[in-house]
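Chains, contacts and geometry: an overview
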Amino acid sequence: MNVDLYDFALPEQLIAQTPLLERSSSRLLTLNKENGDMQHQTFADIVGSLRSGDTLVLNDTKVIPARLFGEKEDTGAKAEVLLLKSLGDNRWEALVKPGKKLRKGSVITFGNGKLRAVIEEEGDMGARTLFFSYEGIFQEILDELGQMPLPPYIKEKLDDRDRYQTVYARHEGSAAAPTAGLHFTEELLDQIKGKGVDIAFITLHVGLGTFRPMSVEQVEDHVMHEEYYSLSQETADLLNETKHRGGRVIAVGTTSCRTLETVGNQMNGELCARAAGGPAFSYILVMHLQWWMR
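Report on the accompanying structure. (Residues numbered from 1 in each chain as written. Predicted model: local features only at pLDDT ≥ 70, side-chain atom pairs only at ≥ 80, totals over all residues. Heavy atoms only, no water.)

So, the environment of Ser133
With respect to the helices and strands, Ser133 occurs in strand β10 (residues 127–134). Since its relative accessible area comes to 29%, Ser133 is described here as partly exposed. Contact partners of Ser133, with chain neighbours within four places excluded, come to Lys114, Leu115 and Arg116. (Helix = DSSP H or I, 4+ residues; strand = E, 2+ residues; numbered from the N terminus. Buried < 20%, exposed > 50% of the residue type's maximum accessible area, 1.4 Å probe, protein only. Contact = heavy atoms within 4.5 Å.)

Notes on the side chain of Arg67
In this structure, Arg67 sits in strand β5 (residues 67–72). Taking relative accessible area as the criterion, Arg67 reaches 17% and is therefore assigned buried. With sequence-adjacent residues up to four places away left out, Arg67 is seen in contact with Glu80, Val81, Leu82, Leu145, Gly146, Gln147, Met148, Pro149 and Leu150.

Description of the nonpolar core
The biggest cluster of nonpolar side chains holds 26 residues, and the ones touching the most others in it are Leu68, Val81, Leu83, Phe110, Leu130 and Phe132. Those elements that provide at least two residues to this core are β6 (78–88), β7 (91–97), β8 (107–110), β9 (115–122), β10 and α1 (138–145). No other element matches β6, which puts five residues into this core. Setting aside residues no more than four positions away along its own chain, Val81 makes contact with Ala66, Arg67, Leu68, Ala94, Leu95, Val96, Ile108, Phe110 and Leu130. The next biggest cluster of nonpolar side chains, apart from the first, holds 22 residues, and it includes Val57, Leu158, Leu204 and Ala236. (Core = buried A, V, L, I, M, F, W, Y, C linked by side-chain atoms within 4.5 Å.)

Examining the pairing of β9
Across four bridges, β8 lies against β9 in antiparallel orientation. Along β9, the bridge assignment pairs Val107 with Val118. Between the end of β8 and the start of β9, which pair antiparallel, lie four residues, with Gly111 showing a positive phi angle near 60°. Sheet analysis places β9 next to β10, joined by seven bridges and oriented antiparallel. Bridge pairing in β10 places Arg116 opposite Ser133. Linking β9 to β10, which pair antiparallel, is a turn of four residues; within it Met125 sits at a positive phi near 55°. (Pairing = 2+ DSSP bridges.)

Here is the structure:
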């Protein structure tokens, strides 16, 4: 399939620059796949589309303030870093800007020298390996100097960092939010549970693949960057039980969906085999709703 088929016009005036005060008030478009009927609702109405016996799969990754603004140590030129994945020992996989001027050996400083990064390697798809030096605790420095990695078409500053986190975010490590889940509130999740719907959690940390454009003509030729995911035995058992009782496995967003697809297609280990219960899940509904689209 040609990648040009995915191009579409999105007028800037239709992109809200700030999220709604109430998360569940965003618009919801429902499509009946049997008869093609479409309905325009609000996200809170999703409860009516769920059935007792279903299992909702949520990605509990937590976004880190991964965007850092600094300067090149030798010239004072502005530099930007987007942290993607911790490699351990103070090393991170990251994207840098401007990429052509930030090569191996370049040094970037942040916060008047509070944080210093040396580019050690240049990787695939424009990635860099950075080594950080600092005094104190890295996470505390990152919380102080870093900014949330909002999409490039959001120009307004995000005053409340929690609005770019799901209410169930638990495990830090993601460079972007699983946006479909941003619409849920604690109250809405309680309503869903009260209807007899189980909730399962997986973890997938969004990485480089989300930020790099396709450089090929055919979608099938595109190589995705690997992302870390975790799916517990408890979740695997619940998904199998849901399938056996005839319930639906409902993936919230593309991150949850591709995690389930990966687990369902990998039959090498006990966890994967038990999680899949077969070569693929029989029913997955993907809800990918942008928080800034009202």
